[in-house]
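Architecture and fold: a report
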Amino acid sequence: MTHIVVLGSTNMDLVTYVAQAPQRGETVTGREFRTIPGGKGANQAMAAARAGATVSLIGAVGNDAYGVRLRDNLEHSGVDTDFLRTVEGPSGTAHIVVDDQGNNAIVVVPGANGTVDHLSPGDEGLIASADALLLQLEVPLPAVIAGAEAARRHGVRTVLTPSPAQPLPEELLSVTDVLVPNEYEAVTLTGRTDPLDAAVGLLDLVPEVVLTLGEAGVLYVSRDTEPLAVPAHQVAAIDSTGAGDTFAGAYAVAVAEEKPLREALSWAAAAAALSVQREGASASMPYRPEIEAQYTS
């Protein structure tokens, strides 16, 4: 089986559902509150595992009740947690507001994720064994850079989701193979508001870009090929939380399995389309038979 390693965050998502998100200074009444395991690292790990890969997660949880639940949830989805450390203090949390259009706003409190600032013994060997390394920016940047550098030393393909949006150092970009931003993240990195202009501008930084555009689909550009636009699967969205992570995890699996490019993009888009029809992040992520059925429908 394809082996994917993820280096990233594990959070408990504290999700409030509202008709309309509050403006600054405004108080609104929510209709539901849920605690749902999440974090961009854990989400991508679970997405890849459910999409059919063998997956290992490098990260940390706290020694609290959330940490126990987060680890159990990953293991239940088939993610190897041998490199998920338990540290003193609270686990990471994400405070999420979801409106009736499926849009969300998120505040992340790093907790244990803040301790993941370097590679620990055994981490590089695990990365070296992978077909791809998935990275995000919810753990300290030195660890993300160290992971990408380790992957480059061992010829492992790196897929980076630049979220939360922020300027990225050259030392990370120089060892990134594929960048998977959304529109907002692409604007942050390039200052360009047109999606194609932004995607092409990112090629000054990395060799391949997969720009996710929500219901408008996906735009792929590389230094060696013409741009490729792939439409989204048209569905009624309930909650977009975790859709980008679902796409990234599924896309990494598709590429590692050497699916043709258009098929890989559409297959990953099918996984994301399934996820937005369900509430929550990890809870919404589809299994491979569901993805196959959506892709062929």
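Basis of the calculations
Residues numbered from 1 in each chain as written. Predicted model: local features only at pLDDT ≥ 70, side-chain atom pairs only at ≥ 80, totals over all residues. Heavy atoms only, no water. UniProt positions renumbered as here; feature names shortened; annotations may be inferred. Helix = DSSP H or I, 4+ residues; strand = E, 2+ residues; numbered from the N terminus. Buried < 20%, exposed > 50% of the residue type's maximum accessible area, 1.4 Å probe, protein only. Contact = heavy atoms within 4.5 Å. Axes fitted to C-alpha atoms, helices over the stretch in contact; angles between N-to-C directions. Left-handed = near helix turned anticlockwise from the far one by under 90°. Nonpolar A, V, L, I, M, F, W, Y, C, P; charged D, E, K, R; others polar. Expected span 1.5 Å × (residues − 1). Parallel < 35°, antiparallel > 145°, perpendicular 65-115°, else oblique.

Turning our eyes to something else, we now look at the UniProt feature "binding site: substrate" (unreviewed entry) in the protein. Per the UniProt record, "binding site: substrate" (unreviewed entry) is found at Asn11, Met12, Asp13, Gly39, Lys40, Gly41, Ala42, Asn43, Glu138 and Asp245. Tracing the backbone through its elements, the reader meets Asn11 in strand β2 (residues 11-17). With respect to the element layout, Asp245 can be found in helix α8 (residues 243-256). Residue classification places Asp245 among the buried positions, given a relative accessible area of 3%. Excluding residues within four positions of it along the chain, Asp245 makes contact with Lys40, Asn43, Gln44, Ala47 and Met285.

Attention shifts here to the packing of α8 against helix α9 (residues 261-275). Close contact between α8 and α9 brings their axes to 8 Å; oriented N to C, the two are set at 145 degrees. As for how α8 packs across α9, the hand of that crossing is right-handed. Packed against α8, whose contacting residues are Ala243, Thr246, Phe247, Ala250, Tyr251, Ala254 and Val255, the element α9 presents Leu261, Ala264, Leu265, Trp267, Ala268, Ala269, Ala271, Ala272 and Ser275 at the interface. Each residue belonging to the contact of α8 with α9 can be placed in one class, and the counts come to 14 nonpolar, two polar and no charged.

Turning our eyes to something else, we now look at helix α4 (residues 141-153). Along its 13 residues, α4 runs 18 Å from first to last C-alpha, staying within 8% of the 18 Å computed at 1.5 Å per residue. Residues of α4 that are buried include every one of Ala143, Val144, Ile145, Ala146, Gly147, Ala148, Ala150 and Ala151, and no others. Directly beyond the C-terminal end of α4, a positive phi value near 70 degrees is found at Gly155.

Next up on the list: unusual backbone geometry. Ser163 connects to Pro164 through a cis peptide bond whose omega is 0 degrees. In the Ramachandran plot, Glu258 falls in the positive-phi region, its phi being about 65 degrees despite a non-glycine side chain. One can find Glu258 in the loop between α8 and α9.

This part is about the packing of helix α1 (residues 40-50) against α8. Running from amino to carboxyl end, α1 crosses α8 at an angle of 45 degrees, the nearest separation of the two axes being 7 Å. Judged on the interaxial angle alone, α8 and α1 are oblique. Note on packing geometry: the crossing formed by α1 with α8 is right-handed. For the pair α1 and α8, the contacting residues are Lys40, Asn43, Gln44, Ala47 and Ala48 in the first and Asp245, Thr246, Ala248, Gly249 and Val253 in the second.

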